[in-house]
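What follows is the residue order along each chain.
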Amino acid sequence: MKAKQKRMRNSGKNIKISVNNIIAGYTDEGPENAPVIIFIHGFPFSKEMWNKQMEALRENFRVIAYDVRGHGNSYSGTDDFTIELFVKDLLSLMDVLEIKKSVLCGLSMGGYIALNAIENHPYRFESLILCDTSCKADSPEAKDKRMKAIDDILENGIEKFADDSVKIFFAPDSFSTKKELVAEVREIMINTSEKSVIKTLLALSKRKETCSKLSEIKVPVLILVGNEHKITPPEAAQFMHEEINGSVMSIIKNAGHLSNLENPGQFNELLKRFLQNK
Ligand code: MLT
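Now for a look at the structure at hand.

### Things to note about the pairing of strand 8 (residues 248–252)
Remember that side chains alternate between the two faces of the sheet whenever the strand is regular. With five bridges connecting them, strand 7 (residues 221–226) and strand 8 associate as parallel partners. Note that in strand 8 the partner of L222 across the bridge is V248. Chirality of the crossover, the property in question, places the unit of strand 7, helix 9 (residues 234–243) and strand 8 among those that are right-handed.

Structural data, given as structure tokens:
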């Protein structure tokens, strides 16, 4: 019988790969045999939001960031979006790249995906980093807001949606001290197709809660949240911290919803410390 050949690793930036019936974009850097960390971005952003974390960790870790279906360089496919479909894409990416186990780091929507993934596939993840996220499902008011956002996008386009969203993504000071960053994030948002944004809003509005399963998480967990967060505030992080046995929680200063971008210095320090001690 022929021995199964090991797949040659294709490392670098902006690689394309076929996963779960779509073409997905991802970046894969760092030493071949180092522990693997997979980063999942928030909505509606792209893998680019993890550049500073990839740079900080790639000497000692194999760092992978991918574009969630319909975002960045990943195709949408024809299926309706759901968090479960996003989890299937993640598992498929891991299978195609022959990654049995990894550390998983997700911000906001990325955290929703990470929490669903660990609930359903606990043996595939060795630790978890939850950033600016929540285990709760959308409240009726939040669902309503998403439906209004869809109507607004259909009427006024993606640029207005980006302008409205950006206002609540950042800590107030960031609008004067980090103008370039705010512009970069807006640019990523307006480059996401209207169709994908609408499909993702529907997926987010229908997502299931993961709070009731937090106490079953057995791996080390780091929870990070911006001190000026308006979308999933420090209380949401505190709730997860109390539910997850042995979890560590830290507040990122001078940061709103995008704490890894607004204060990468403190964020990366905490990330490195957690990865060294876990
Ligand atoms: C995100 O950054 O992923 C979104 O703010 C999540 C959400 O809208 O619930």
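Additional details are given in the paragraphs that follow.
### Some points on the sheet that holds strand 2 (residues 22–29)
Across the sheet, eight strands lie side by side as 1-2-4-3-5-6-7-8; this open sheet has mixed pairing. Edge positions in the open sheet fall to strand 1 (12–19) and strand 8, since each of these has one partner strand only. For this sheet, the mean angle separating the axes of adjacent strands, direction not counted, is 20°. Bridge count for strand 1 against strand 2 is six bridges, and the pairing is antiparallel. Counterpart to S18 in the pairing with strand 2 is I23. Most of the contacts of helix 3 (residues 109–120) go to strand 6 (residues 125–131), to which it runs at about 150°, and overall it touches strand 3 (36–40), strand 4 (62–66), strand 5 (102–107) and strand 6.

### Examining the layout of surface pockets
A volume near 830 Å³ is recorded for the largest pocket. What lines the largest pocket is a set of 32 residues, among which A142, K145, R146, I168 and I231 lie closest to the centre. For the lining of the largest pocket, the elements supplying multiple residues, two or more each, are helix 3, helix 4 (140–156), helix 5 (158–169) and helix 8 (194–205). With six residues, the top contributor of residues to the lining of the largest pocket is helix 4. For the lining of the largest pocket, a count of residues per class yields 16 nonpolar, seven polar and nine charged. Space inside the second largest pocket adds up to approximately 230 Å³. For the second largest pocket, the full set of lining residues is E48, M49, N51, K52, E55, L181, E184, V185, I188 and L261. Broken down by secondary-structure element, the contributors of at least two residues to the lining of the second largest pocket are helix 1 (51–57) and helix 7 (179–190). Here the element with the most residues in the lining of the second largest pocket is helix 7; it accounts for four residues. Grouping the amino acids of the lining of the second largest pocket by side-chain chemistry returns five nonpolar, one polar and four charged.

### Some points on the environment of L261
Mapped onto the elements, L261 comes out in helix 10 (residues 259–262). The class for L261 is buried, based on a relative accessible area of 17%. The spatial distance from the C-alpha of L261 to the C-alpha of D89 is 25 Å, given a sequence separation of 172 residues.

### Let's talk about the site of the ligand
Around the ligand sit G42, F43, F45, S108, M109, Y112, R146, L204 and H257, and those are all the residues in its vicinity. In the environment of the ligand, an oxygen atom lies 2.6 Å from a nitrogen or oxygen atom belonging to the side chain of Y112. One nitrogen or oxygen atom from the side chain of R146 is found 2.8 Å from an oxygen atom belonging to the ligand. When isolated, the ligand has an accessible area of 270 Å², and the protein chains bury 93% of it. Comparing atom positions with the cavity grids shows the ligand to sit within the largest pocket. The residue makeup of the shell around the ligand, split by class, is five nonpolar, three polar and one charged.

Calculation rules
- Residues numbered from 1 in each chain as written.
- Predicted model: local features only at pLDDT ≥ 70, side-chain atom pairs only at ≥ 80, totals over all residues.
- Heavy atoms only, no water.
- Pairing = 2+ DSSP bridges.
- Helix = DSSP H or I, 4+ residues; strand = E, 2+ residues; numbered from the N terminus.
- Right-handed = clockwise from strand over helix to strand, strands pointing away.
- Axes fitted to C-alpha atoms, helices over the stretch in contact; angles between N-to-C directions.
- Contact = heavy atoms within 4.5 Å.
- 1 Å grid on protein atoms, 1.4 Å probe; cavity = no way out; pocket = protein on both sides within 12 Å on 5 of 7 lines; lining within 4 Å.
- Points joined across faces, edges and corners; volume = space filled by probe spheres on them.
- Nonpolar A, V, L, I, M, F, W, Y, C, P; charged D, E, K, R; others polar.
- Buried < 20%, exposed > 50% of the residue type's maximum accessible area, 1.4 Å probe, protein only.
- Near = heavy atom within 4 Å.
- Polar contact = N/O pair within 3.5 Å; in protein donor to acceptor, adjacent residues only side chain to side chain.
- Areas by Shrake-Rupley, 256 points an atom, 1.4 Å probe, with all protein chains shown as cover.
- Sits in = over half its atoms within 2 Å of the grid points.

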